[in-house]
Protein chains: 2
Amino acid sequence: MKAKIHVTLKNGVLDPQGKAIEHALGNMGFGGVDAARQGKYIELDLQETNETAAMASVKDMCEKLIANTVIENYSIELEA
Amino acid sequence: MKAKIHVTLKNGVLDPQGKAIEHALGNMGFGGVDAARQGKYIELDLQETNETAAMASVKDMCEKLIANTVIENYSIELEA
């Protein structure tokens, strides 16, 4: 089973990487970009085959290691 | 229009961030993780409303700034 995890900064948290992309695109002549945000994308290959158990386990991994829940949100998608 | 961009390392390219996650999960007692890969996730808010034009423009941004196409793949999803 494969887990796809998106970790994004919470609203109101400063996003210097996103701002850098936004400014660089502007400087390169790409107009029409109102905002850019950068997050992380993590893929895990799991041995677990039960979806409920896999979701619980990945949620635990996110809370304890992958996301800093003070400033970041995470979302998990599972794929068989 | 919103663009969601995933940038991932090509197969065979060393992924130290992914390896670090993999090892840390193992050390923390999370078994059953065969592999971990880390990529980037970027969201852009675009003024463009035409899907074809937006896709062409975002593809150009990826080729020129957002992805290093020597070692990275990118995929683009558009959302109205």
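Residues numbered from 1 in each chain as written. Chains lettered and ligands numbered in written order. Predicted model: local features only at pLDDT ≥ 70, side-chain atom pairs only at ≥ 80, totals over all residues. Heavy atoms only, no water.

- An unreviewed UniProt entry lists chain A under the name Phosphoribosylformylglycinamidine synthase subunit PurS, with Temperatibacter marinus as the source organism.
- According to the UniProt record, the Sequence similarities (unreviewed entry) comment for chain A is "Belongs to the PurS family."
- Taken from UniProt, the Pathway (unreviewed entry) comment for chain A reads in full: "Purine metabolism; IMP biosynthesis via de novo pathway; 5-amino-1-(5-phospho-D-ribosyl)imidazole from N(2)-formyl-N(1)-(5-phospho-D-ribosyl)glycinamide: step 1/2." (UniProt positions renumbered as here; feature names shortened; annotations may be inferred.)

Observations regarding the pairing of strand S2 (residues 33–46) of chain A
Moving on, step 1. A large share of S2(A) lies buried, amounting to 10 of its 14 residues.
Moving on, step 2. Sheet analysis places strand S1 (residues 2–9) of chain A next to S2(A), joined by six bridges and oriented antiparallel. Each bridged residue has a counterpart across the sheet, and for Lys4(A) the counterpart in S2(A) is Glu43(A).
Moving on, step 3. Note: S2(A) against strand S2 (residues 33–46) of chain B, 13 bridges, orientation antiparallel. By the bridge assignment for S2(B), Gly39(A) is matched with Tyr41(B). (Buried < 20%, exposed > 50% of the residue type's maximum accessible area, 1.4 Å probe, protein only. Helix = DSSP H or I, 4+ residues; strand = E, 2+ residues; numbered from the N terminus. Pairing = 2+ DSSP bridges.)

Observations concerning the relation of the copies chain B and chain A
Moving on, step 1. Least-squares fitting of chain B to chain A yields an RMSD of 0.0 Å, with the superposition described by an axial translation of 0.0 Å and a rotation of 180°. The two molecules are tied by a two-fold rotation axis, judged by turn and shift. Using C-alpha coordinates, one finds that chain B approaches the rotation axis most closely at Lys40(B), a distance of 2.3 Å.
Moving on, step 2. Same-surface contact between copies: 100% of interface residues of chain B are shared with the interface of chain A. (Least-squares fit on C-alpha atoms with pLDDT ≥ 70 in both. Contact = heavy atoms within 4.5 Å.)

What about the pattern of salt bridges?
Moving on, step 1. Counted under the stated rule, the structure contains 14 salt bridges over all chains.
Moving on, step 2. The closest approach of N and O atoms between Asp45(B) and Arg37(A), which form a salt bridge, is 3.3 Å. Linking Asp45(B) in strand S2 with Arg37(A) in strand S2, this pair reaches from one chain into another.
Moving on, step 3. Given a relative accessible area of 22%, Asp45(B) falls into the partly exposed group.
Moving on, step 4. In this structure, Glu79(B) engages Lys4(B) in a salt bridge whose closest nitrogen and oxygen atoms are separated by 3.2 Å. With a gap of 75 residues between them, Glu79(B) in strand S3 (residues 72–79) and Lys4(B) in strand S1 (residues 2–9) connect regions that are remote in the sequence.
Moving on, step 5. Of the residues examined, Glu79(B) reaches a relative accessible area of 38% and is grouped as partly exposed.
Moving on, step 6. Residues participating in the shared-partner salt-bridge network are Lys2(A), Glu43(A), Asp45(A) and Arg37(B). (Salt bridge = Lys/Arg side-chain N within 4 Å of Asp/Glu carboxyl O.)

Let's talk about the side chain of Glu22(B)
Residues and elements named next belong to chain B.
Moving on, step 1. If you trace the backbone, glutamate 22 turns up in helix H1 (residues 16–27).
Moving on, step 2. The class for glutamate 22 is buried, based on a relative accessible area of 17%.
Moving on, step 3. The residues touching glutamate 22, leaving out its near neighbours within four places in the chain, are Asp34, Ala35 and Ala36.

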